[in-house]
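Here is how the chains run, residue by residue.
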Amino acid sequence: MEEQYHPQQIESQTQTYWEKSHSFAVKEDPKKPKFYCLSMFPYPSGYLHVGHVRNYTIGDVIARFQRMQGMNVLHPIGWDAFGLPAENAALKHQVPPSEWTYSNIAHMRNQLKSLGFCFDWDREIATCDASYYRWEQWLFIKMYEKGLVYKKDSVVNWDPVDQTVLANEQVIDGKGWRSGAKVERRSIPQWFLKITDYAEELLQSLDHMPGWPEQVRTMQRNWIGRSEGVSFSFKLDHLNGDPLTVYTTRIDTLMGVTYLAIAPQHPLVNVAVEQNPELKTFVEACRNIKVAEAELATLEKEGRATGLYAIHPITQEKLPIWVANYVLMEYGSGAVMAVPAHDQRDYEFAKKYQLPSKAVIRPDKETQPDLSENAYLGDGYLFNSGEFDNLSTRDALTKIAEYLENKSIGQRQVNYRLRDWGVSRQRYWGAPIPMIQCPSCGTVPVPEKDLPVVLPTGVTPSGASSILMQMPEFYEVNCPSCGQKARRETDTFDTFMESSWYYLRYACPDQNQKMFDERTQYWAPVDQYIGGIEHAILHLLYARFFHKVIRDFGLVKSDEPFTNLLTQGMVLKDGSKMSKSKGNTVDPQTLIESYGADTVRLFIMFAAPPEQSLEWSDTGVEGAFRFLKRFWRLCSAHINENGLLSLSFADVTLNEKQKDLRRLTHETISKVTDDLKRRYTFNTAIAAMMELTNAVAAYNIENETDKVIKQEAFEALVLMLAPMVPHISHVLWKAFGHDEAVLDAVWPTIDENALKRDQITLVVQVNGKMRANLSLPIDVTKEAAEQAALNHEAVIRHVEGKTIRKIITVGQKLINIVVG
Ligand code: ANZ
Ligand code: ZN
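Bear in mind that the values here come from a model prediction, so they are computed numbers and not experimental data.

Chemist: So, the packing of aromatic side chains: which residues are in play, and what are the values?
Modeler: Aromatic rings considered in pairs are described by the distance between their centres and by the relative angle of their planes. Taken as a whole and judged by the stated rule, the model has 44 aromatic pairs. Counting every residue linked through ring pairs, the aromatic cluster contains Phe41, Tyr502, Tyr503, Tyr506, Tyr529 and Phe562. Over the aromatic face of tryptophan 18 sits the side chain of arginine 64, whose NZ or CZ is 4.6 Å from the ring centroid. The side chain of lysine 152 reaches across the aromatic face of phenylalanine 192, ending 4.7 Å from its centre.

The following block contains the structure:
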């Protein structure tokens, strides 16, 4: 056989074989255990980047390994094909977004194939196909009927020059990306999904997801942000309007309230503004700035007195009401009871505007809280609190809540930081929202028989705003209910909608009568999901939400979509993230062309464990290439020199050298199996295989049995390398005389007999310094081992003339002789 390694030839030959034999197609088989392995699908931007290659290589290795373990493996791929970049590219190059998208898909599909990924291409989906999004529209209508969908006014970024709504990423320094005009905030009606109905379950399930990294679960917990508190009201002084409701998690500080703060959008502000033009200016300025929750703590606190007062429910004291920029309208009731002594934001605000502060919690019953620099946030005991004095903060939380509940002033309440999911986008390149607005009937969902609402393709945008709004042939419809002239919704879905259920559709992509069928029951849930940490919150939370909704519609049985989650680390170059703007990207295509896909795959899996960041290294790539070249040469030389032998050891007695190589072979199988199955430390698996390769290379053949033993090691290596470097393994496996393809071969089994040792290696130290290595029978006694150590000439030299004070023996590993 050929002695030189020719990756291009090997890879194209192997890929042709896979294609012809339809090797990656998978069928449901109830007799076989299933394994669903999924890497997050890509956005078809045009070219694969190294991050993609890492993502799909990890998934491919797991899928191939599980297949060799006898599992029925589903390993699909598709395209997250809607989204803004297609519209931007369309504007720039004057091509329809659909054309741009599908030609990118065609190119990237070839790139994926050239990397040898074992995707079942029969199941490929593109979310911009009407055959895909029709079921999303169907589900949305089902959710609408169930009360999980509603319409509400919500703020968008409005570009006054381009007369269009901008996505957040199109707003640069507060200005429109194309027009440069100052972006305004406008409130327009938009569709929302009631994810908050599932907040509690989404939170609770996190406790029962051992296959997810703790870090991701924590991020999701924080995002859901459950808090337990009290909601209660303050009567207003001299005003007979509604009382002012606040939400607090620290009702124990009730007696320390010195003012109230309300959000600039709070309805009560409108009352105050009427008499106060200066206040009006302030409030309007605040309303033009969107404050993200993360900024609240560091935000420069601003506020104005409203001139209104409220009455403290217990002391009946008059408290001023302020408008403050650090209070969010969207959380709790949009109003807070301010306690400068015990809340840091209130502390800073009170300091700035010289509002009074009253301490009511002290660390113990003698010490005053230190308020010189910061609020006192800790636990302790109440004081200055009348009948509640001396209660611990813990007890006070219950006692005061009960007090307010008994007087019907307030009630305990659970709040979530999680907001409902706004899914409307004023964009063209997305799935149309299947709704119709009729002047007489109001909102009417598109009837099921009229689905899908197909997005018109083949059109090229001429300006920044959505083409749909300029297409009467799209939006002029008759009301499905009364037949009158009505208007179709021109907003499209947030693209997170498509990625929230695609993993279920891979099970039955050709089903055109319903969303899912019994094949979905067979494959769901995903056993192993792989993707970037940047999706830790939104994508994964939305998919979990959809899964539970779909379960409640009776379409799947499991409670969660992804049993195990692996979040892959970033690919870095010279210590920083690869990016076009930094000019430090690596093009996978060039690497494949010069080294072959197997080298790229091997380097990526060897350079770092999957969850850590991977530092790109050209010498590392070279090293991977050299290893494959050498491995090929060793295998071909072995076959050319020795021919093929049958691997049988039944009636031969092995010598020590032979036993050693067999032991190493089977120890390596054991280690690699564990690394690939349980630990996902592919790098250490590869290191172990490289060590075994070195041992085989150094092994001299002296008789027929040596040949067999060497071949056993080679064949085990070919099988174990197959998930990582499937092309070279495919060809070598055939060369070792096997009829079946390596991807269908059975993973090597461990021969327990080969692992047994009849010798141990003992390290002998004198005063902690290594002096000798002893090879002794495994059943040697402690005394005999110590005697053998003392008899060793190197030991004698260091012990001579000295007194032996102590001999310390550590298992069958080490003997330390202490002399003085
Ligand atoms: C009084 C108080 C005293 C508070 C104290 C804290 C410490 P979590 O735990 O995140 O739910 N808050 C309530 N609604 C708010 C809003 N719309 N915008 C900004 N802040 C708001 O936070 C609840 C706490 O955040 C509440 O408890 C309230 O301040 C504030 F020593 O009430 B606290
Ligand atoms: Zn109607």
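Additional details are given in the paragraphs that follow.
Chemist: If you had to explain the side chain of lysine 34 to someone new, which residues and values would you point to?
Modeler: Looking at the element boundaries, lysine 34 is found in strand E1 (residues 34–39). A polar contact is formed between the side chain of lysine 34 and the backbone oxygen of tryptophan 523, at a distance of 2.7 Å. Separated by 2.8 Å, the side chains of lysine 34 and aspartate 527 make a polar contact. The contact partners of lysine 34, leaving out residues within four places of it in the chain, are Met71, Asn72, Tyr522, Trp523, Ala524, Pro525 and Asp527.

Chemist: How would you summarise the site of ligand 1 if you had to cite specific residues and measurements?
Modeler: Taken together, 18 residues surround ligand 1, and among them Ser227, Thr248, Leu328, Tyr331 and His342 come closest. Between ligand 1 and threonine 248 there is a distance of 2.7 Å, counted from an oxygen atom to a side-chain nitrogen or oxygen. Tyrosine 331 has a polar side-chain atom sitting 2.4 Å from an oxygen atom of ligand 1. In the complex, the protein chains occlude 88% of the 650 Å² of accessible area that ligand 1 would expose alone. Secondary structure elements with two or more residues in the shell around ligand 1: strand E11 (244–248) and strand E15 (335–338). Looking at side-chain class alone, the shell around ligand 1 contains eight nonpolar, six polar and four charged residues.

Chemist: Requested: an account of the environment of methionine 469, with residues and values cited.
Modeler: Tracing the sequence through the fold places methionine 469 in the loop between strand E22 (442–445) and helix H12 (472–475). Residue methionine 469 is classed as partly exposed on the basis of its relative accessible area of 36%. Residues methionine 469 and phenylalanine 35, spaced 434 residues apart in sequence, show a C-alpha to C-alpha distance of 45 Å. Non-local contacts of methionine 469, meaning those with residues more than four positions away in its chain, are made with Gln426, Tyr475, Thr490 and Asp491.

Chemist: Which residues make up the sheet that holds strand E30 (residues 614–615), and what are the values?
Modeler: Taken in spatial order, the three strands make up an open sheet running E29-E28-E30, and their pairing is mixed. The open sheet has two edge strands, strand E29 (576–577) and E30, and neither has a second partner.

Chemist: Let's hear about the UniProt feature "domain: Methionyl/Leucyl tRNA synthetase" (unreviewed entry) in the chain: which residues, and what values?
Modeler: Taken from the UniProt record, the annotation "domain: Methionyl/Leucyl tRNA synthetase" (unreviewed entry) applies to residues 39–171. For residues 39–171, helix accounts for 47% and strand for 17%, while the C-alpha atoms at its two ends are 31 Å apart.

Chemist: Let's hear about the packing of helix H17 (residues 597–607) against helix H18 (residues 618–642): which residues, and what values?
Modeler: Following both chains from N to C, one finds H17 and H18 inclined at 120°, their axes separated by 8 Å at the closest point. Compared by their axis directions, H17 and H18 come out oblique. Crossing of H17 over H18 shows right-handed handedness. Contacts between H17 and H18 involve Asp598, Thr599, Leu602 and Phe603 on the former and, on the latter, Gly620, Val621, Ala624, Phe625, Phe627 and Leu628. By residue class, the composition of the contact of H17 with H18 is seven nonpolar, two polar and one charged.

Chemist: Go over empty space enclosed by the protein with me, naming the residues and quoting the values.
Modeler: Taken as a whole and judged by the stated rule, the model has three cavities of 30 Å³ or more. In this model, the largest cavity occupies a volume close to 70 Å³. Along its surface, the largest cavity is lined by 13 residues, and Glu87, Leu91, Arg427, Gly463 and Ala464 are the ones closest to its centre. Counted by class, the lining of the largest cavity contains six nonpolar, five polar and two charged residues.

Chemist: For the pattern of salt bridges, give the residues involved together with the corresponding values.
Modeler: In the structure shown here, the tally under the stated rule is 47 salt bridges. The residue lysine 671 makes a salt bridge to aspartate 675 at a minimum N-O spacing of 3.0 Å. Separated by four residues within a single helix, lysine 671 and aspartate 675 lie in helix H19 (residues 656–679), roughly one turn from each other. Residue class for aspartate 675 comes out buried when judged on its relative accessible area of 0%. The salt bridge involving aspartate 674 is made with arginine 678; its shortest N-O contact spans 2.8 Å.

Chemist: Talk me through the UniProt feature "domain: Aminoacyl-tRNA synthetase class Ia" (unreviewed entry) in the chain; I want residue IDs and the actual numbers.
Modeler: In the UniProt entry, the feature "domain: Aminoacyl-tRNA synthetase class Ia" (unreviewed entry) is given for residues 418–616. Segment residues 418–616 splits into 24% helix and 21% strand. End C-alpha atoms: 38 Å apart.

Chemist: Account for the coordination of the zinc ion (ligand 2), with residues named and values stated.
Modeler: Taken together, the protein ligands of the zinc ion (ligand 2) are Cys438 (SG), Cys441 (SG), Cys479 (SG) and Cys482 (SG), with distances of 2.2 to 2.4 Å. In this structure, the zinc ion (ligand 2) is surrounded by four donor atoms whose angles at the metal cover 106 to 113°, and the resulting shape is tetrahedral. Read in sequence order, the donor residues for the zinc ion (ligand 2) give the motif C-x2-C-x37-C-x2-C. On the basis of relative accessibility, which here comes to 4%, the residue cysteine 479 falls in the buried class. You can call cysteine 482 partly exposed: its relative accessible area is 37%.

Chemist: If you had to explain the environment of aspartate 494 to someone new, which residues and values would you point to?
Modeler: Checked against the element boundaries, aspartate 494 lands in the loop between strand E25 (492–493) and helix H13 (502–505). Distance from aspartate 494 to glutamine 426, taken between C-alpha atoms, is 9.4 Å for residues 68 residues apart in sequence. Beyond its immediate chain neighbours, meaning those up to four positions away, aspartate 494 contacts Trp421, Gly422, Val423 and Arg425. At 3.0 Å, the side chain of aspartate 494 forms a polar contact with the side chain of tryptophan 421.

Chemist: Residue-level account of unusual backbone geometry, with values.
Modeler: A negative phi angle characterises most non-glycine residues, just as the trans form characterises most peptide bonds. Look at the link from leucine 451 to proline 452: it is a cis peptide, with omega at 0°. Relative to the helices and strands, proline 452 resides in the loop between E22 and H12. A cis amide bond links alanine 524 to the next residue, proline 525, at an omega of -5°. As for its placement among the helices and strands, proline 525 is situated in the loop between helix H14 (518–523) and strand E26 (526–532). Residues other than glycine seldom take positive phi values, yet glutamine 163 does so here, at roughly 55°. Of note in this structure, aspartate 574 is not a glycine but carries a positive phi near 50°. Relative to the helices and strands, aspartate 574 is located in the loop between strand E28 (571–573) and E29.

Chemist: Which residues make up the nonpolar core, and what are the values?
Modeler: By size, the foremost hydrophobic cluster in this structure holds 181 residues, and its most contacted members are Phe140, Leu193, Tyr502, Phe545, Trp616 and Met724. The element that contributes the greatest number of residues to this core is helix H21 (residues 704–721), accounting for 10 residues. Contact partners of phenylalanine 545, with chain neighbours within four places excluded, come to Met143, Leu193, Lys194, Ile195, Tyr198, Leu202 and Trp421. Counting residues in hydrophobic clusters, the runner-up holds 39 residues, among them Leu236, Ile251, Leu268 and Tyr403.

Chemist: So what about the pairing of strand E5 (residues 149–159)? Which residues, and what values?
Modeler: Two faces, one strand: in a regular strand the side chains alternate between the faces of the sheet. The pairing of E5 with strand E9 (residues 184–193) spans 10 bridges and is antiparallel. Along E9, the bridge assignment pairs lysine 152 with glutamine 190. In this structure, E5 lies alongside strand E6 (residues 164–166), joined through three bridges in antiparallel fashion. Note that in E6 the partner of tryptophan 158 across the bridge is valine 165. Where E5 folds back onto E6 in an antiparallel hairpin, the turn is made up of four residues, including glutamine 163, whose phi is positive at roughly 55°.

Reading guide: rules and limits
- Residues numbered from 1 in each chain as written.
- Chains lettered and ligands numbered in written order.
- Predicted model: local features only at pLDDT ≥ 70, side-chain atom pairs only at ≥ 80, totals over all residues.
- Heavy atoms only, no water.
- Phe/Tyr/Trp six-rings, centres within 6.5 Å; stacked < 30°, edge-to-face > 60°.
- Lys NZ or Arg CZ within 6 Å of the ring centre and 35° of its normal.
- Helix = DSSP H or I, 4+ residues; strand = E, 2+ residues; numbered from the N terminus.
- Polar contact = N/O pair within 3.5 Å; in protein donor to acceptor, adjacent residues only side chain to side chain.
- Contact = heavy atoms within 4.5 Å.
- Near = heavy atom within 4 Å.
- Areas by Shrake-Rupley, 256 points an atom, 1.4 Å probe, with all protein chains shown as cover.
- Nonpolar A, V, L, I, M, F, W, Y, C, P; charged D, E, K, R; others polar.
- Buried < 20%, exposed > 50% of the residue type's maximum accessible area, 1.4 Å probe, protein only.
- Pairing = 2+ DSSP bridges.
- UniProt positions renumbered as here; feature names shortened; annotations may be inferred.
- Axes fitted to C-alpha atoms, helices over the stretch in contact; angles between N-to-C directions.
- Parallel < 35°, antiparallel > 145°, perpendicular 65-115°, else oblique.
- Left-handed = near helix turned anticlockwise from the far one by under 90°.
- 1 Å grid on protein atoms, 1.4 Å probe; cavity = no way out; pocket = protein on both sides within 12 Å on 5 of 7 lines; lining within 4 Å.
- Points joined across faces, edges and corners; volume = space filled by probe spheres on them.
- Salt bridge = Lys/Arg side-chain N within 4 Å of Asp/Glu carboxyl O.
- Donors = N, O, S within 2.8 Å, 3.2 Å for Na, K, Ca; no water.
- Tetrahedral: all angles 85-135°; square planar, octahedral: opposite > 155°, others 65-115°.
- Core = buried A, V, L, I, M, F, W, Y, C linked by side-chain atoms within 4.5 Å.

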